[in-house]
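Per-entry structural report
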Amino acid sequence: MVPQLKTALTGPLLALEAKFLDATPDIERWLRGQWQEHTPPFYGSVDLRNSGFKLAPVDMNLFPGGFNNLNSAFLPLCVQAAMTAIEKICPSAKSLLLIPENHTRNLFYLQNVAQLVSILRLTGLNVRLGSLLPEIDKPTPVELPNGKTLLLEPLLRSQYRLGVEGFDPCAILLNNDLSAGIPEILQNLEEQFVLPPLHAGWAVRRKSNHFAAYDEVAGEFASLVGIDPWQINPYFAVCDSVNFHERQGEECLASNVHAVLGMIREKYREYGIKETPYVVVKADAGTYGMGVMTVKDASEVTGLNRKQRNKMSVIKEGMSVSQVIIQEGVHTHERVGKGEKAGVAEPVVYMIDRFVVGGFYRVHSGRGKDENLNAPGMHFEPLAFETSCSLPDHGQNPDAPPNRFYAYGVVARLAQLAASLELERTAPAEA
């Protein structure tokens, strides 16, 4: 069950997948060397887009919230990878505090939390859930549709440590992206590992920093494999000091949109690609598909109407947008499903530490191949990842499922490596 590439332009992608297959030993050796020099984030998920001529990451999430969407067959992989990550950080770890998002009413998200708890407990850890919500002032059970129950507990802070009643963990795992800022209760902890680090949250993190690091990784990798880095790397530009309500920064937006579209057109001419180039303008911080618009001409970002300005000016937790990234749009030519649920799809690859642990497809039947799929109406198809993205089969066609998934896994690991560089470079200086 692998989605069909609905395009006649599969030639270049088949060539790309063939290159990955031919270079498998070199790729794995190179990645192994990179991980000896750089520490991967505890976990991450990468949104990929597959246009048939290009396979590239378009977003990297360091607080993944869809572990419940992974095929259950990958649970052993998740546990093994989590064990490796924890042993590296805290070899004698016995207890871990998991801090989730404040989505107490989002049962899909809470099923993700339950799956994370299951994975971590299978590594031999005692796991409790601490909530940042002020209304959680006593242990509060939350019933899930699958019959499981989560117990959310109020956080307790001593001078330098954080826990819950009767529980002093050696590690704290955030599954909260800190969009609204870094709460005081999480700051200045001592002798407790916070994973991922606080500067991985959207209060500090910027997508442009990630893609600048990815640009370097993709360039080095492309030289190794013998491909054009553009085949795995979206062009991008950044605009600071944007205020959509006040119409500030429109000139910066228009000129950068024009420039990035020009670079894409040049590449399309080089490769004989007949698609219409587009860019995605999105908030440089934040997730959940908020503050995103698709643009095919620079004139579209000047004179936005009130509804468009309102949509672009605010992201999760009501945070206002002042910086945007203008990113090359990558058409998605993959489709999943039949009938009413059929729709364009993009693979989402999940990693723990340096290991790919599975993935699924985000599908939207109401969106086109050049639109953002992370929007109301989307659904997830955990069916598709039959293999773990780490087991290519050289005896099969380059586009056979194990090899397509291997290509996904390679590009996702490049994004995970870029995230490790990004976090190294944005870490606060030691006092």
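A brief report on the enclosed structure follows. Here the structure is a predicted model, which is why all the values come from computation and not from measurement.

1. Describing the pairing of strand β6 (residues 140-143)
One ladder, built from 4 bridges, connects β6 with strand β7 (residues 149-154); its direction is antiparallel. Its bridge partner lying in β7, Pro-141 is registered against Leu-151. Counted between consecutive antiparallel strands, the loop separating β6 from β7 contains 5 residues, among which Gly-147 sits at a positive phi close to 95 degrees.

2. Some points on helix α6 (residues 250-271)
Between its terminal C-alpha atoms α6 stretches 32 Å, which fits the 32 Å expected from 22 residues at 1.5 Å a residue. Residues Glu-250, Leu-253, Ala-254, Asn-256, Val-257, Val-260, Leu-261, Ile-264, Lys-267 and Tyr-268 constitute the buried set of α6. In this fold, the buried residues of α6 make contact with β12 (236-239), β13 (279-283), β14 (292-295) and β15 (324-328). Trailing α6 by a residue or two, Gly-272 shows a phi angle of about 65 degrees, which is positive.

3. Concerning the packing of helix α3 (residues 75-89) against helix α4 (residues 107-122)
Two elements in contact, α3 and α4, have axes whose closest approach is 8 Å; the angle formed by their N-to-C orientations is 65 degrees. The two elements α3 and α4 cross, and the hand of that crossing is right-handed. Contacts between α3 and α4 pair Leu-75, Cys-78, Val-79, Ala-82, Met-83 and Ile-86 from the former with Gln-115, Ile-119, Leu-120 and Leu-122 from the latter. Each residue belonging to the contact of α3 with α4 can be placed in one class, and the counts come to 9 nonpolar, 1 polar and no charged.

4. Details of the sheet that holds β12
Strand pairing in a sheet is mediated by backbone hydrogen bonds. Such pairs are either parallel or antiparallel. Spatial ordering of the open sheet is given by β12-β15-β13-β14, a layout of 4 strands whose pairing is antiparallel. Across the chains shown, the open sheet's two edge strands, defined by having one partner strand only, are β12 and β14. Pairs of neighbouring strands in the sheet enclose a mean axial angle of 20 degrees, with direction left out of account. Bridge count between β13 and β14: 4 bridges; the pairing is antiparallel.

5. What to know about the pattern of salt bridges
On inspection of all chains with the given rule, the structure shows 15 salt bridges. Between Asp-59 and Lys-207 there is a salt bridge; the shortest N-O distance is 3.6 Å. With Asp-59 in strand β3 (residues 55-61) and Lys-207 in helix α5 (residues 207-225), the pair connects residues that are 148 residues apart, well separated along the chain. A salt bridge links Glu-216 to Arg-425; the shortest N-O distance between them is 2.9 Å. Here Glu-216 is found in helix α5, whereas its partner Arg-425 is found in helix α8 (residues 401-426), with 209 residues between them in sequence. Judged by relative accessible area, which is 43%, Glu-216 ranks as partly exposed. Ionic contacts of the salt-bridge type, sharing partners, join the residues Asp-47, Arg-49, Glu-346 and Arg-362 into one network.

6. Observations regarding the nonpolar core
Residues Phe-20, Ile-27, Ile-99, Leu-174, Tyr-214, Phe-221 and Ile-232 are the most contacted members of the largest nonpolar core, which totals 60 residues. For this core, the leading source of residues is α8, giving 14 residues. Residues within four places of Ile-27 in sequence aside, it is in contact with Phe-20, Phe-221, Leu-224, Val-225, Tyr-406 and Val-410.

7. Quick word on the state of the cysteines
Applying the stated criterion across every chain yields a total of 1 disulfide. The residue that forms a disulfide with Cys-239 is Cys-252, at a sulfur-sulfur distance of 2.2 Å. Disulfide Cys-239-Cys-252: torsion about the S-S bond near -105 degrees, hence left-handed. Highlighted residues: Cys-239 in strand β12 and Cys-252 in helix α6, separated in sequence by 13 residues. Cys-239 sits in the buried class, given a relative accessible area of 0%. Of the cysteine sulfurs around Cys-90, a residue in no disulfide, the closest is that of Cys-170, at 3.5 Å. By relative accessible area, which is 11% here, Cys-90 ends up buried.

8. What about the sheet that holds β6?
If you walk across this open sheet you meet the 6 strands as β6-β7-β5-β4-β10-β11, and the pairing is mixed. The open sheet terminates on both sides in strands that have one partner only, identified here as β6 and β11 (193-195). Neighbour-to-neighbour, the strand axes of the sheet open up by a mean angle of 30 degrees, direction not taken into account. The sheet contact formed by strand β10 (residues 171-175) and β11 spans 3 bridges and is parallel. Residue pairing for β11: Ala-171 is matched across the bridge by Phe-193.

Rules of the game
- Residues numbered from 1 in each chain as written.
- Predicted model: local features only at pLDDT ≥ 70, side-chain atom pairs only at ≥ 80, totals over all residues.
- Heavy atoms only, no water.
- Pairing = 2+ DSSP bridges.
- Helix = DSSP H or I, 4+ residues; strand = E, 2+ residues; numbered from the N terminus.
- Expected span 1.5 Å × (residues − 1).
- Buried < 20%, exposed > 50% of the residue type's maximum accessible area, 1.4 Å probe, protein only.
- Contact = heavy atoms within 4.5 Å.
- Axes fitted to C-alpha atoms, helices over the stretch in contact; angles between N-to-C directions.
- Left-handed = near helix turned anticlockwise from the far one by under 90°.
- Nonpolar A, V, L, I, M, F, W, Y, C, P; charged D, E, K, R; others polar.
- Salt bridge = Lys/Arg side-chain N within 4 Å of Asp/Glu carboxyl O.
- Core = buried A, V, L, I, M, F, W, Y, C linked by side-chain atoms within 4.5 Å.
- Disulfide = S-S within 2.5 Å.

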